[in-house]
Amino acid sequence: MGETKQQEVINLSEIASKIKSQRKKFILPLAITFVLSCIYIFSFPRFYNTESKLAPESESASGGSMLGSIASSFGFDLGEMQSSDAINPLLYPDLMDDNAFVCSLFDIKIEVNTEDRHISTTYYDYLNKHQKSTWWAPAISWFKNLFKKKEVESSGKAAFDPYHLSLRQNDILMIIQGNVKLSVDKKTGVITINVTDQEPSVCKALSDSLIVKLQDYITRYRTNKARIDMAYYEQLVDSARRDYEEAYKRHARFSDANMNMQLTSYQNKRDALENEMQLKYSTYSALSAQLQAARSKVQERTPAFTLLKGAAVPVKPAGPKRMIFVGTMLFLVFVARAFWMVRKELHFTF
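In this text the structure is predicted, and so the values were computed from the model without any measurement.

Looking now at the nonpolar core. By size, the foremost hydrophobic cluster in this structure holds 34 residues, and its most contacted members are Tyr123, Tyr126, Ile176, Ile193, Leu206, Leu210 and Leu214. Mapped by element, the contributors of at least two residues to this core are strand 1 (48-56), helix 5 (99-103), strand 2 (109-113), helix 6 (123-129), helix 8 (167-179), strand 4 (180-184), strand 5 (191-197) and helix 9 (200-222). Those residues in contact with Leu214 that lie beyond four places of it in its chain are Leu54, Leu95, Phe101, Leu182, Ile191 and Ile193. Membership of the second largest hydrophobic core comes to eight residues, among which are Ala226, Val237, Leu287 and Leu291.

Here it is in structure tokens:
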């Protein structure tokens, strides 16, 4: 004989009826959750976000336009692959991992003028002394400091080294890395700068400064080889000009001292000095032309930038999402309380 298995069926209407009949039991846990959630989430300061977009001129090899258009349809930028740059533009976001680049933001001038705050200082000092925090943050910071090793202060003012930071400087650096996000579109090469801060005006100031620093960095990188060549030719031109001036003075002194001399030996000496002077002048003239070409190369290598989207002062805060957080917590507590009430109907035992 086969054994018949009875399938247990969950009666949803019975569960809903039980929850409805005991709805008063939800009041206390939901009220407590609402109060605690509000106390928690309203302790976090508001933060704002702004976005800007920068399009640097790409430097790619000539030709292959048809192949490039086909590759772009599949999401690949063939121009970037053919670029003569050693640093691919897709690597520009990695600049935020470099201490020197991030530390260059320390000295940005910050101006905050609101009804309750008037701040004029550097970005480092602003993050170090003027940041809002939760009411429990000082207690946690005090507790952590008990286990931190005290830093030995160096005597005198040593030169700032971005690769040898103090603990506090490293903390500020990590805060900046969290506040600033750089990304590059693989198809278009557009650099997107996303900045987050507690003050709307600081978001814009930091974003504008980042645009300038990125332009300066990209320009210095693109023109680095050309500038080295230009500096080399400037040294050669300076040396050739001095040699020419010395040869010119020797020729002039000899000619003035022997103006009325008709001897062949004096004429030969004067001709030799004149030939030397002309040779020095030819060298100086040729190197001057090379210098002008090197300067033109620097200008040619200097990229143009297009600001597709400027940084605006944000009007509405980006977070924290207080209503969403409180609503989510109330929903979770409601579900947990309802599950506990109908656990027997759901055949769960604890």
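Inspection of the sheet shows strand 2 paired to strand 3 (residues 118-122) by five bridges, in the antiparallel sense. The partner of Lys109 across the bridge, within strand 3, is Thr122. Counting the residues that bridge the hairpin from strand 2 to strand 3 gives four residues.

Here we take up the environment of Pro29. Its place among the elements puts Pro29 in helix 2 (residues 27-41). Residues Pro29 and Phe334 lie 305 residues apart in sequence; the distance between their C-alpha atoms is 8.2 Å. Setting aside residues no more than four positions away along its own chain, Pro29 makes contact with Val333 and Arg337.

We now examine unusual backbone geometry. Phi is mostly negative for residues that are not glycine, and the peptide bonds are mostly trans. Cis peptide bonds are those with omega within 30 degrees of zero, and the linkage from Gly319 to Pro320 qualifies with 0 degrees. Positionally, Pro320 belongs in the loop between strand 6 (305-309) and helix 12 (322-341).

Overall, the predicted model of the protein reaches an average pLDDT of 83, with 82% of residues at or above 70. When pLDDT is averaged over each helix and strand of the protein, the minimum, 46, is found for helix 4 (residues 78-81) and the maximum, 95, for strand 5. Throughout residues 1-7 the model reports pLDDT below 50, and contacts reaching past four residues in sequence, or to other chains, amount to zero contacts. In the model, residues 61-67 has pLDDT below 50 throughout and makes four contacts with residues more than four positions away in sequence or in other chains.

The next point concerns the packing of aromatic side chains. One pass over the full model with this rule turns up 14 aromatic pairs. Both rings, one in Tyr244 and one in Tyr248, keep their centres 6.3 Å apart while their planes meet at 40 degrees; by these two values the pair is tilted. Of this pair, Tyr244 and Tyr248 both sit in helix 10 (residues 224-257), separated by four residues, roughly a single helical turn. Residue class for Tyr244 comes out partly exposed when judged on its relative accessible area of 21%.

Taken in spatial order, the four strands line up as 4-5-1-6 in an open sheet, and their pairing is antiparallel. The open sheet terminates on both sides in strands that have one partner only, identified here as strand 4 and strand 6. For this sheet the average axis-to-axis angle between neighbouring strands, irrespective of direction, equals 25 degrees. Bridge analysis of strand 4 against strand 5 gives five bridges, and the strand direction is antiparallel. Looking at strand 5, one finds that Val180 is bridged to Val195. The strands touched by helix 8 are strand 4 and strand 5; relative to strand 4, the strand with the most contacts, the crossing angle is about 45 degrees.

Let us look at the pattern of salt bridges. On inspection of all chains with the given rule, the structure shows 10 salt bridges. The partner of Arg117 in a salt bridge is Glu199, with the nearest N and O atoms 2.8 Å apart. Highlighted residues: Arg117 in the loop between strand 2 and strand 3 and Glu199 in the loop between strand 5 and helix 9, separated in sequence by 82 residues. Just as Arg117 is buried, Glu199 falls in that class too.

A separate point is the packing of helix 2 against helix 12. Relative orientation of the contacting elements helix 2 and helix 12 amounts to 150 degrees, with a least axis distance of 9 Å. As judged from the angle between their axes, helix 2 and helix 12 are roughly antiparallel. Handedness of the crossing formed by helix 2 with helix 12: right-handed. From helix 2, Pro29, Leu30, Thr33, Phe34, Ser37, Cys38, Tyr40 and Ile41 reach across to helix 12, where they touch Arg322, Phe325, Val326, Met329, Leu330, Val333, Phe334 and Arg337.

A few words now on helix 10. Taking 1.5 Å per residue, 34 residues should reach 50 Å; helix 10 reaches 50 Å between its end C-alpha atoms and fits that length. The secondary structure elements touched by the buried residues of helix 10 are helix 11 (264-301).

This part is about the pairing of strand 5. In terms of burial, strand 5 is a largely internal element, six of the seven residues being buried. Here strand 1 runs beside strand 5; their pairing, made up of seven bridges, is antiparallel. Note that in strand 5 the partner of Asn49 across the bridge is Thr196. Linking strand 4 to strand 5, which pair antiparallel, is a turn of six residues; within it Gly189 sits at a positive phi near 75 degrees.

Calculation rules
Every residue gets a number counted from 1 within its own chain, in the order that chain's sequence is written. Reporting in this predicted model follows two pLDDT cut-offs: at least 70 for local features of residues, and 80 or more for side-chain atom pairs to be given and counted; totals over whole chains, interfaces and linings ignore these cut-offs and use all residues. Heavy atoms throughout the structure, all of them, feed into the side-chain values; hydrogens and water do not. Residues belong to one nonpolar core when they are buried, are Ala, Val, Leu, Ile, Met, Phe, Trp, Tyr or Cys, and are joined through side-chain atoms within 4.5 Å. The cut-offs for exposure are 20% and 50% of the maximum accessible area for each residue type, with area from a 1.4 Å probe on protein chains only; residues under the lower value are buried, those over the upper are exposed, and the others partly exposed. Helix and strand definitions follow DSSP, with helices as H or I runs of at least four residues and strands as E runs of at least two, each counted in order from the N terminus. Contact definition: two residues touch when any of their heavy atoms are within 4.5 Å. Strands are treated as partners if at least two bridges between them are detected by DSSP. Along the chain, pLDDT gives the predictor's confidence residue by residue, from 0 to 100. Pairing of aromatic side chains here covers Phe, Tyr and the six-membered ring of Trp, requires ring centres within 6.5 Å, and sorts the geometry by plane angle: under 30 degrees stacked, over 60 edge-to-face, intermediate tilted. Axis geometry follows a simple rule: fit a line to the C-alpha atoms, using only the stretch in contact for helices, then measure angles between N-to-C directions, giving values from 0 to 180 degrees. Salt-bridge detection follows one rule: a side-chain nitrogen of Lys or Arg within 4 Å of a carboxyl oxygen of Asp or Glu. Angular relationships are summarised with four words: roughly parallel below 35 degrees, roughly antiparallel beyond 145, roughly perpendicular across 65 to 115, and oblique for the angles in between. Left-handed describes a crossing whose near helix is turned anticlockwise from the far helix by less than a right angle; the clockwise case is right-handed. Expected helix span is taken as 1.5 Å per residue step, with the number of steps being one fewer than the number of residues.

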